Amino acid sequence: MFKRSLTPEREPTRSAGREPARSRTMRAARQALHVLAVELGTPTDPGTPLFGAVQNRWLRGLPYLVAFLFAVSLLPSGIHVLVADYGMNGALAGALATAGTVPLLLAVTRPLQAWWVIFAADVICALALTGTDGVAGRAWPWPPTVIVGYLVLMLALSLRERRRTLIAVWLTTGAAGILSELIAPEPIAPAHITSTWVLLFVLSGVMLMMGATLRERGDAQRKLLEQETISEAERARRTLLEERTRIARELHDVVAHHMSVITVQADSAPYRIDGIPPEAQEEFGAIAATARESLAEMRRLLGVLRSEETERHQEGPEKAPQPGIGQLPKLVEGTVRAGVPVELALPEEPVALEPAVDLSAYRIVQEALANVVRHAPGAKTRVSVTATADGSRLTVLVVNSAPPAPSAPLEPGGTGHGLIGMRERVRLVDGSLDTGPLPDGGFRVAAQLPLAGPASPSIARPAPPDPPTASPSSPPAPPLSEKDSDSE
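Analysis parameters
Residues numbered from 1 in each chain as written. Predicted model: local features only at pLDDT ≥ 70, side-chain atom pairs only at ≥ 80, totals over all residues. Heavy atoms only, no water. Helix = DSSP H or I, 4+ residues; strand = E, 2+ residues; numbered from the N terminus. Expected span 1.5 Å × (residues − 1). Buried < 20%, exposed > 50% of the residue type's maximum accessible area, 1.4 Å probe, protein only. Polar contact = N/O pair within 3.5 Å; in protein donor to acceptor, adjacent residues only side chain to side chain.

Here we look at helix α6 (residues 144-158)
Working step 1: Between its terminal C-alpha atoms α6 stretches 21 Å, which fits the 21 Å expected from 15 residues at 1.5 Å a residue.
Working step 2: Burial within α6 is extensive, with 12 of its 15 residues counted as buried.
Working step 3: Turning to α6, its buried residues are Thr 145, Val 146, Ile 147, Gly 149, Tyr 150, Leu 151, Val 152, Leu 153, Met 154, Ala 156, Leu 157 and Ser 158.

Encoded structure:
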């Protein structure tokens, strides 16, 4: 009785241990089937043709051409193989061959849907071959034409679908092959046929891997190109902002000078002018106090505009005054010492320039000569600063010829600040700028700056005349290319 009493106690324990394991296995199997169904039923970008994003029109039509050629060649050959070699009924062979090849045309835009049709047709064809007399000694369950069409479909599928979907298709192909071996009837036992399911399983895996690798590589290159484009746009924007900040810092001195003059005049007015009423003296004092506050705010603004690099190299604000066209001879002298022969032509009579225009003219010549030193060392250069006949505009012209001997530039690349800075300075004073290469291999920079400020109410703003040319016989320079716009 003691032994019998142990048996009922142990059996529930064993069954209780088997039930959780069985349920876990069933749950895992259901989850795997669910994932498989989701992956096989969720196509990626349905309706979008393969190579649809390619710019070349002929390359976009290549998938259609390949699918058409395979469909046209495999359809009659498939019917002939099923009828002549396997002895299948002609109508059934035509229907199965059509269902297994014509959907290749659909694979260009919807490869996953085409796989469902072709895979079902191939499975039905394998089942139909079990009832024919010509299967003995031949390939089964997949005839040669079926293998070729299926591999073409795998290539189209791998170029579109994600990796998990490709794995699901590959496993489904292998499962169909294994089941075909298990259900093979006795008259066509494996000893009497040539099994091809392993061959198709391996070759389809190779095709899927190759196509997926090519697709992922193309996606990586496309993303890299997009990132480079974004980086180039960001670099151009950062360069523009840096140049505008540098110009603003330089104009601080010009504005600060005017504000200082206002402060001094307002403070000294009661001492310089006799008989000023007390109300006027208070007004002058208020003007001086406002000007001093404006100067303090401008110093704070300058501190915001100062870049980290400037703060690292300079402990405080610049002490030297901003240059103008009066310092051009010294600039040209330094360029000549650098090995560039430069001719300078300045107005014979002094020209009254606003501080912003004076500074812009100097910086334009400075950037142009720096470009010659970097990119055309040794080239003959002519710098001309003249005023128009009506005295409304100042013309700044810098023309250099081709280098005397072919030589590599001192700086093959640049930060792009040169031409961008020129355009910003010209735009600041409402002028015009024309830059571009010359037919003889040289380069030209021509700027026209107004002698009177754009906001001056006493002088009407004249229409900008045609940009000057390098010489009377030289044709106008073509528009600036992308390569030129990136140079300094």
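Some remarks on the side chain of Asp 434
Working step 1: Secondary-structure assignment places Asp 434 in strand β6 (residues 432-437).
Working step 2: Side chain to side chain, Asp 434 and Arg 444 meet in a polar contact 2.5 Å long.

Considerations on unusual backbone geometry
Working step 1: The residue after Trp 140, namely Pro 141, is reached through a cis peptide bond having omega 10 degrees.
Working step 2: Its place among the elements puts Pro 141 in the loop between β1 (139-140) and α6.
Working step 3: One non-glycine residue, Phe 51, lies in positive phi territory at about 60 degrees.
Working step 4: If you trace the backbone, Phe 51 turns up in the loop between α1 (2-41) and α2 (57-60).
Working step 5: Notably, Asp 430 is not glycine yet its phi reads approximately 65 degrees, a positive angle.
Working step 6: Inspection of the secondary structure assignment puts Asp 430 in the loop between α13 (417-428) and β6.

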